[in-house]
Amino acid sequence: MTGEPKMLAPEMDDAELIPKDCMSNLSVDSLIFAMDEGRLKILLVKYNQGLAAGKWGLIGHWVKWDEDIESAAYRVVNTTTGVKDFHLDQLSAFGNVNRYPIRRIVTVAYYALVRLEETQIIRGENTHEIQWFDVRNLPELIFDHKDIIESCLEHFKYKVRHEPIGFSLLPEKFTLLQLQELYEAMLEVTLDKPNFRRKINKMNLLIDCKEKQKGVAHRAASLYRFDINVYEKLREFGFSFEY
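Residues numbered from 1 in each chain as written. Predicted model: local features only at pLDDT ≥ 70, side-chain atom pairs only at ≥ 80, totals over all residues. Heavy atoms only, no water.

K.L.:
I tried to follow the nonpolar core on my own but got confused; where do I start?
P.N.:
The nonpolar side chains of a soluble globular protein tend to be buried with one another. Leu31, Phe33, Leu40, Phe156, Leu179 and Tyr183 are the most contacted members of the largest nonpolar core, which has 46 residues in total. Element by element, the count of residues in this core is highest for helix 3 (residues 176–187), at seven residues. Those residues within four positions of Tyr183 in sequence are excluded, and the remaining contacts are Val160, Phe167, Glu188, Leu191, Phe196, Ile200, Met203, Phe239 and Phe241. Listed in part, the 24 residues of the second largest apolar core include Ile59, Leu88, Val114 and Ile142. (Core = buried A, V, L, I, M, F, W, Y, C linked by side-chain atoms within 4.5 Å. Buried < 20%, exposed > 50% of the residue type's maximum accessible area, 1.4 Å probe, protein only. Helix = DSSP H or I, 4+ residues; strand = E, 2+ residues; numbered from the N terminus. Contact = heavy atoms within 4.5 Å.)

So this is what it looks like as structure tokens:
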């Protein structure tokens, strides 16, 4: 993108590579999630420079002097995926003294939920590879990135039972099976189909599109979408989804 700083990772060991308009000890790491064929996946990069060279890690960047932290996280997700409208929320700050071997760096982790079909992945200049991974089958990761991801997955197990956050991962029109696969992926459980549908129906959250899937090899399933008014109320006041 013209005018954008180079996407330099906080894991670089040469301070001269840090853009002059960025702080050198404060970064954001973005956990970018999407659903793919019933599996929850996260976008990781393999860096080509610095201490992280040849290793997989989260997608991160330095925070600019003139931007707030959430804006920095949004910038990272947007410039990496091309998606403009997505769910973004702060997970936590990670500041263990020895999380980075050379000097003190504090990172603030954000998670972003995107629709896979809307992404147009853009590889940064210091990125050797960029790839989606199943969250239950991750490669070896740099520094404390495994801990950050595990913390986020535990957070999801609580969050998805009380807020409709996961719905941002589904297409605008979806099947009940896709919705169940979402809950199973985020809760890391297998749910009983009739019981799950009964609980979802009690929320009065879905609107029947009166449409069927098209172009599928199996029996076409009914399509649904979210009632935005009910969605906003549930997001504001919460609910309880016990499985």
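From this point, the discussion proceeds with the structure in view.
K.L.:
Where do I start with the packing of helix 3 against helix 4 (residues 193–202) in this structure?
P.N.:
What describes two packed helices is the angle between their axes and the distance between those same axes. Where helix 3 meets helix 4, the closest approach of the two axes is 11 Å, and the angle between their N-to-C directions is 95°. Comparing the axis directions of helix 3 and helix 4 gives the class roughly perpendicular. Contact residues: helix 3 offers Leu176, Leu177, Leu179, Gln180 and Tyr183, while helix 4 offers Lys193, Phe196, Arg197 and Ile200. Partitioned by chemical class, the residues of the contact of helix 3 with helix 4 number six nonpolar, one polar and two charged. (Axes fitted to C-alpha atoms, helices over the stretch in contact; angles between N-to-C directions. Parallel < 35°, antiparallel > 145°, perpendicular 65-115°, else oblique. Nonpolar A, V, L, I, M, F, W, Y, C, P; charged D, E, K, R; others polar.)

K.L.:
Honestly, the packing of aromatic side chains in this entry has me stumped. Any pointers?
P.N.:
Given two aromatic rings, one states the distance between the centres and the angle between the planes to describe the pair. Per the stated rule, a full pass over the model turns up 13 aromatic pairs. With a centroid separation of 4.5 Å and an interplanar angle of 35°, the aromatic rings of Phe174 and Phe226 are classed as tilted. Taken as a pair, Phe174 in the loop between helix 2 (145–162) and helix 3 and Phe226 in strand 9 (residues 222–226) lie far apart in primary sequence, 52 residues in all. Here Phe174 matches Phe226 in class, with each residue buried. Of the aromatic side chains, those joined through ring pairs into one cluster are Phe167, Phe174, Tyr183, Phe196, Phe226, Tyr231 and Phe241. (Phe/Tyr/Trp six-rings, centres within 6.5 Å; stacked < 30°, edge-to-face > 60°.)

K.L.:
Even after reading the chapter, I still don't get the pattern of salt bridges, so can you show me in this structure?
P.N.:
Side chains that differ in sign of charge can pair as their charged atoms come close. Under the defined criterion, the tally for this structure stands at 14 salt bridges. Glu67 is the salt-bridge partner of Arg75, the closest N and O atoms lying 2.5 Å from each other. Glu67 sits in the buried class, given a relative accessible area of 17%. Where Asp89 meets Lys159, a salt bridge forms, and the shortest distance between an N and an O atom there is 3.8 Å. Within this pair, whereas Asp89 is found in strand 5 (residues 87–94), its partner Lys159 is found in helix 2, the two being separated by 70 residues in sequence. By relative accessible area, which is 25% here, Asp89 ends up partly exposed. You can call Lys159 buried: its relative accessible area is 13%. Connected via shared salt-bridge partners are Arg136, Glu154, Lys157 and Glu188. (Salt bridge = Lys/Arg side-chain N within 4 Å of Asp/Glu carboxyl O.)

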